[in-house]
Amino acid sequence: KLTLNYGLRYEYSAYTQPPVNPDYPQTGVLNQPGTNFAPRLGAAYSLNGGKTVIRAGYGIFYARLPSASVIRLQQRNGVIQKTGTLSSANAAQLAAGPTFPFRLSSLAGSVGLTNVTFAAPNLATPYTEQADLSIEQAVGKDGALTVSYMHSRGYKFLSREDQNLGPATGSATYNVVNLDASTSVFTTPTYLAANKLDPRYASLIYLSNRGRLWYDGLSVSFRQRANRWASGTLAYTWSHALDLNQGSAADNIYFTDPPNTVYNSNYQAEKGSSHLDQRQRLVVSAILNTPTMRFGSRFANMAVNGWQLSMIETAASPQYLDPILIVASGIPGAGFASGTTINGMVTPFGAPGRVPFLPRSSVTIDTVNRLDARLTKSFGLWESSSLALNFEVFNLFNTISNTSVNTTAYIAAGNTITQAKGVGNGTASSAFPDGTNARRAQVSLRFTF
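Let me begin by describing the structure that accompanies this report. (Residues numbered from 1 in each chain as written. Predicted model: local features only at pLDDT ≥ 70, side-chain atom pairs only at ≥ 80, totals over all residues. Heavy atoms only, no water.)

## Describing the pairing of strand β3 (residues 116–119)
Right, on to step 1. Burial of the side chains of β3 extends over both faces: V116 and F118 are buried on one face and T117 and A119 on the other.
Right, on to step 2. Sheet topology note: the β3/strand β8 (residues 204–224) ladder contains 4 bridges and is parallel. Each residue of the ladder has a partner; that of F118, found in β8, is Y206. (Buried < 20%, exposed > 50% of the residue type's maximum accessible area, 1.4 Å probe, protein only. Helix = DSSP H or I, 4+ residues; strand = E, 2+ residues; numbered from the N terminus. Pairing = 2+ DSSP bridges.)

Shown next, in the form of structure tokens:
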């Protein structure tokens, strides 16, 4: 029997180019790379009668430019959405600021409030080169031990710089006062509002491919297949991840805010441990069963058999954040391009920048030590029906781990930078999905038929 299916499908889609900023026509151009070559190679070799296996692999993997990033580029072209910050350090902006009950009537004018964002004409797709080498060895009848080395290098990740800022031509000197009463002097190049190339706009955010990533890791894992008593896994990873202050989460989606570098376009000075870096992580899981035993009593069989204990232990070293410097009051340079940093550098949303004389990612969040356990008792009823009573405890020993800490390391006021107290102290211990990582317990009943 021959069946023929046929049909006619017609699709029509229309794309309307959003308004382009006539001052910067490049806001209407976004390159679409079409030749992303991504080879994948893999090999495996078995020896010792199949009890030892060596595996190796290499591949190139390309990322996507998220639609949120494309939309952001369209919206933040200085025409569709206009955003800006008035700074009291800029005399023209201070004069243009409204006083109550009046409001700001426009972001246009000579004070330069609006940002413009555009991408490099040859913007490329970020990619990583990944390679791994592993050796797996059979241990006993049901066990397997694996040792793996993992290597990854990221190229052409998105970066941003302010092309309106001009060179750093000034300088400012600050007295640094530490908590132990020791003092030092810090001098930094400064960015001046007078050096802006286009006074009609605040920042000209230029997206390019200067971001780089580095990752190396060594992992050891042991897997015990299920037998009549137990099954489980043990996995330990040592690794180190570095980047050029790529940030995390939304930092890699919404690229249209001012740069997050201390000095404009100087990404090499930002090289350090990634915010996602975690040097050590250990995860142990196990399921323990009582073997089935037969007694002369049905009640005894039901009481002794059907018990199961499941556990997951997670232990991990801290992750990292940057130490932050906050400008609390007027700084020496009244002509700074931004009044929220000690060198006039414009940072995202006018936020304070990291401490320039301390290493990146030098504030630790917290270690993790968590044991989740579940005790299950199964009751056989009739035929294929059963009843299971579960008692579960999350974070059995109630070891609270901070998920957010205070990062304010120094506070600037005038020409003095003072070390702050409490840096690294916890500010939150939240966790999905309960909002906390404190100990919790629950009881459930499951009927299977």
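Having put the structure on the table, let's press on.
## Section: the packing of aromatic side chains
Right, on to step 1. Going through the model one piece at a time under the given rule, you end up with 8 aromatic pairs.
Right, on to step 2. Ring geometry for Y24 and Y201: centres 5.8 Å apart, planes at 75 degrees, overall edge-to-face. Of the two residues, Y24 sits in the segment before β1 (40–47) while Y201 sits in the loop between β7 (183–190) and β8, which places them 177 residues apart along the sequence.
Right, on to step 3. On the basis of relative accessibility, which here comes to 13%, the residue Y24 falls in the buried class.
Right, on to step 4. Given a relative accessible area of 9%, Y201 falls into the buried group. (Phe/Tyr/Trp six-rings, centres within 6.5 Å; stacked < 30°, edge-to-face > 60°.)

## Some points on empty space enclosed by the protein
Right, on to step 1. Applying the stated criterion across every chain, the model contains 1 cavity of 30 Å³ or more.
Right, on to step 2. Considering only enclosed or pocket space, the largest cavity measures out at about 70 Å³ in volume.
Right, on to step 3. Taken together, 10 residues make up the lining of the largest cavity; nearest its centre are L158, R160, N245, Q246 and N260.
Right, on to step 4. By residue class, the composition of the lining of the largest cavity is 3 nonpolar, 5 polar and 2 charged. (1 Å grid on protein atoms, 1.4 Å probe; cavity = no way out; pocket = protein on both sides within 12 Å on 5 of 7 lines; lining within 4 Å. Points joined across faces, edges and corners; volume = space filled by probe spheres on them. Nonpolar A, V, L, I, M, F, W, Y, C, P; charged D, E, K, R; others polar.)

## Details of a nonpolar patch on the surface
Right, on to step 1. A cluster of nonpolar side chains, contributed by Y45, L47, I54, L133, I135, V139, L145, V147, Y149, L218 and W238, occupies part of the molecular surface with about 930 Å² of accessible area.
Right, on to step 2. Elements supplying a minimum of two residues to the nonpolar patch: β1, β4 (127–139) and β5 (143–162).
Right, on to step 3. Looking at the element boundaries, L133 is found in strand β4. (Patch = residues over 30% accessible without salt bridge, like charges linked within 9 Å, V, L, I, M, F, W, Y side chains within 5 Å. Areas by Shrake-Rupley, 256 points an atom, 1.4 Å probe, with all protein chains shown as cover. Salt bridge = Lys/Arg side-chain N within 4 Å of Asp/Glu carboxyl O.)

## Details of helix α1 (residues 67–75)
Right, on to step 1. Taken residue by residue, α1 has S69, R72 and L73 as its buried positions. Down the axis of α1, the sector holding all buried residues measures 100 degrees, keeping them to one side.
Right, on to step 2. The secondary structure elements touched by the buried residues of α1 are β3 and β8. (Arc of directions from axis to C-beta. Contact = heavy atoms within 4.5 Å.)

## With respect to the nonpolar core
Right, on to step 1. Counting 14 residues, the largest nonpolar core has Y174, L325, V327, I342, Y410, A412 and I417 as the members making the most contacts within it.
Right, on to step 2. Among the elements of the structure, β6 (170–177), β14 (324–327) and β19 (408–413) are those that each provide at least two residues to this core.
Right, on to step 3. With sequence-adjacent residues up to four places away left out, A412 is seen in contact with L325, I326, V327, A328, S329, I342 and I417.
Right, on to step 4. Membership of the second largest hydrophobic core comes to 7 residues, among which are V116, F118, L204 and Y206. (Core = buried A, V, L, I, M, F, W, Y, C linked by side-chain atoms within 4.5 Å.)

## Observations regarding the sheet that holds β19
Right, on to step 1. Strand order in the open sheet formed by 5 strands is β7-β6-β20-β19-β14, and the pairing between neighbours is mixed. Looking at strand neighbours, the two that pair on one side only are β7 and β14, the edges of this open sheet. Taking the axes of each pair of neighbouring strands and ignoring which way they run, one obtains an average angle of 30 degrees across the sheet.
Right, on to step 2. As judged from the 3 bridges shared by β6 and strand β20 (residues 416–419), these two strands associate in the parallel manner. When the sheet's bridge partners are listed, V177 is paired in β20 with T418. (Axes fitted to C-alpha atoms, helices over the stretch in contact; angles between N-to-C directions.)

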